[in-house]
Amino acid sequence: MRELWSLLKTVISPGTFNQMLRSATPVALAAMGGALTEHAGIMNIGMDGMILLGAFVGVIGSYLTASAGLGVLAAVGLGVLVGLLFALFVVKLRSDEFIIGCALNTFAAGATAYLSRAIFGLSGTSGHHVTSLPRLHLNFLNHIPFLGKILNHHSVFVYVTWILVLLMWLFVYKTPWGFWLRASGEQPETLRTAGVSPERMQWLASILCGVFCGLAGAHLSLGYLNGTFTENMSNSRGFIAFACVIFSAANPSKAYLAALMFGFFDALGYRLQGVISSDLTATIPYLITVVMMVYVVVRSRRRRKKNLRQHESLGNLS
């Protein structure tokens, strides 16, 4: 009984939820971008490669300039370029988005591994020569029991993400641009009749997705891992972000909650490593992601059956 109580205290400790916020932030940022492309009718599975490129360029920018801020700007700049390249193939040239996404992921993994070895002489950098993002210490949070320990000592990205989630929700559902963006994926011909180019909105969504993934990568390398880059450090977070987008029906606020769920189980895996094998705990977040996708499929089938029964009922009445 004592061991169970000790394990429970470990699970619900402030450290677990503090780790949850740090783990969820890169996934949430990428999910914001993925929500935009999803609304625009583009299935972007290349987000994992975008995150990896953002993480690498963020470290390189910080390494060369001795400034974490300039490293973040470099990651964002590359995100814009990658978003433009993705839109060029998918929107302009009408290439298959699935194939382009896979190619982007493969290119990012190979290019960052090669360049990392060429520049640093090894598979990554441990942060000794890279300026990382500082962690903010907010004194007023020290006076708030339990919650203060959860919300304090994070990089600025954790706090900025909360603002971005609100702004993205307002943008998607409360502005004309958000309406046009959703219409470009749902009713492109109707949007074109109204005088707005669906392709232009898809270009915008792709570029913004690159920006958000660049921010996610910069946080991952410069904030979450304190200026460290290793090969394939995105660790499938782009795919998890895509799962969060599907699970939330591309709603930014719900996507953030889904990312928090991933972050919690990721943090839980770290906390349980002393009790359970690390190989097993490492699979927990990905098992939860699979459960999320199964839930989406089951929910979709139930809705289809419900709609079919309603149509049959209306047909019988007529």
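Residues numbered from 1 in each chain as written. Predicted model: local features only at pLDDT ≥ 70, side-chain atom pairs only at ≥ 80, totals over all residues. Heavy atoms only, no water.

(A) Geometry of a nonpolar patch on the surface. On the surface, Y63, L64, Y114, L115 and I119 cluster together into a nonpolar patch covering about 520 Å² of accessible area. Taken together, the elements giving at least two residues each to the nonpolar patch come down to α3 (47-65) and α5 (97-120). Of the residues forming the nonpolar patch, the biggest block, three residues, is contributed by α5. Tracing the chain through its elements places I119 in helix α5. (Patch = residues over 30% accessible without salt bridge, like charges linked within 9 Å, V, L, I, M, F, W, Y side chains within 5 Å. Areas by Shrake-Rupley, 256 points an atom, 1.4 Å probe, with all protein chains shown as cover. Salt bridge = Lys/Arg side-chain N within 4 Å of Asp/Glu carboxyl O. Helix = DSSP H or I, 4+ residues; strand = E, 2+ residues; numbered from the N terminus.)

(B) Quick look at unusual backbone geometry. Located in the positive-phi region is N226, a residue other than glycine, with phi close to 55°. Relative to the helices and strands, N226 resides in the loop between α10 (198-224) and β4 (229-230). Its identity as a non-glycine residue notwithstanding, A249 has a phi of 55°, on the positive side. Relative to the assigned elements, A249 resides in the loop between α11 (237-247) and α12 (252-271). For A249, a relative accessible area of 56% corresponds to the exposed category. (Buried < 20%, exposed > 50% of the residue type's maximum accessible area, 1.4 Å probe, protein only.)

(C) Spotlight on the side chain of S248. With respect to the helices and strands, S248 occurs in the loop between α11 and α12. Using a relative accessible area of 4% as the deciding quantity, one classes S248 as buried. A distance of 2.8 Å separates a polar side-chain atom of S248 from the backbone oxygen of C244. (Polar contact = N/O pair within 3.5 Å; in protein donor to acceptor, adjacent residues only side chain to side chain.)

(D) Region of the structure containing the nonpolar core. Residues L21 and C244 are the most contacted members of the largest nonpolar core, which totals 79 residues. At twelve residues, α10 tops the list of elements feeding residues into this core. If we skip the residues at most four places from it in the chain, L21 touches I150, L151, H154, V158, W162, Y256 and L260. (Core = buried A, V, L, I, M, F, W, Y, C linked by side-chain atoms within 4.5 Å. Contact = heavy atoms within 4.5 Å.)

(E) Focus on the pattern of salt bridges. For the structure shown, the criterion picks out four salt bridges. Of the charged contacts, one joins R117 and E231 as a salt bridge, the two residues approaching to 2.9 Å between their closest N and O atoms. Residue R117 is found in helix α5, and its partner E231 is found in the loop between β4 and α11; the two are separated by 114 residues along the sequence. The shortest N-O distance in the salt bridge between E189 and R192 comes to 2.9 Å. A residue pair is termed a helical-turn pair when its members lie 3 or 4 positions apart in one helix, as E189 and R192 do in helix α9 (residues 188-193) at three residues. The network of salt bridges with common partners includes R94, E189, R192 and E199.

(F) Highlighting the packing of aromatic side chains. This model, assessed by the stated rule, comprises eight aromatic pairs. Ring centres 5.5 Å apart and planes at 90° place the aromatic pair Y159 and W162 in the edge-to-face group. Of the two residues, Y159 and W162 both sit in helix α7 (residues 156-174), three residues apart, roughly one turn of that helix. For W162, a relative accessible area of 33% corresponds to the partly exposed category. For the pair W169 and Y173, a centre-to-centre distance of 5.9 Å together with 50° between the ring planes defines the contact as tilted. Placement of the pair is W169 and Y173 together in helix α7, with a separation of four residues, close to one helical turn. (Phe/Tyr/Trp six-rings, centres within 6.5 Å; stacked < 30°, edge-to-face > 60°.)

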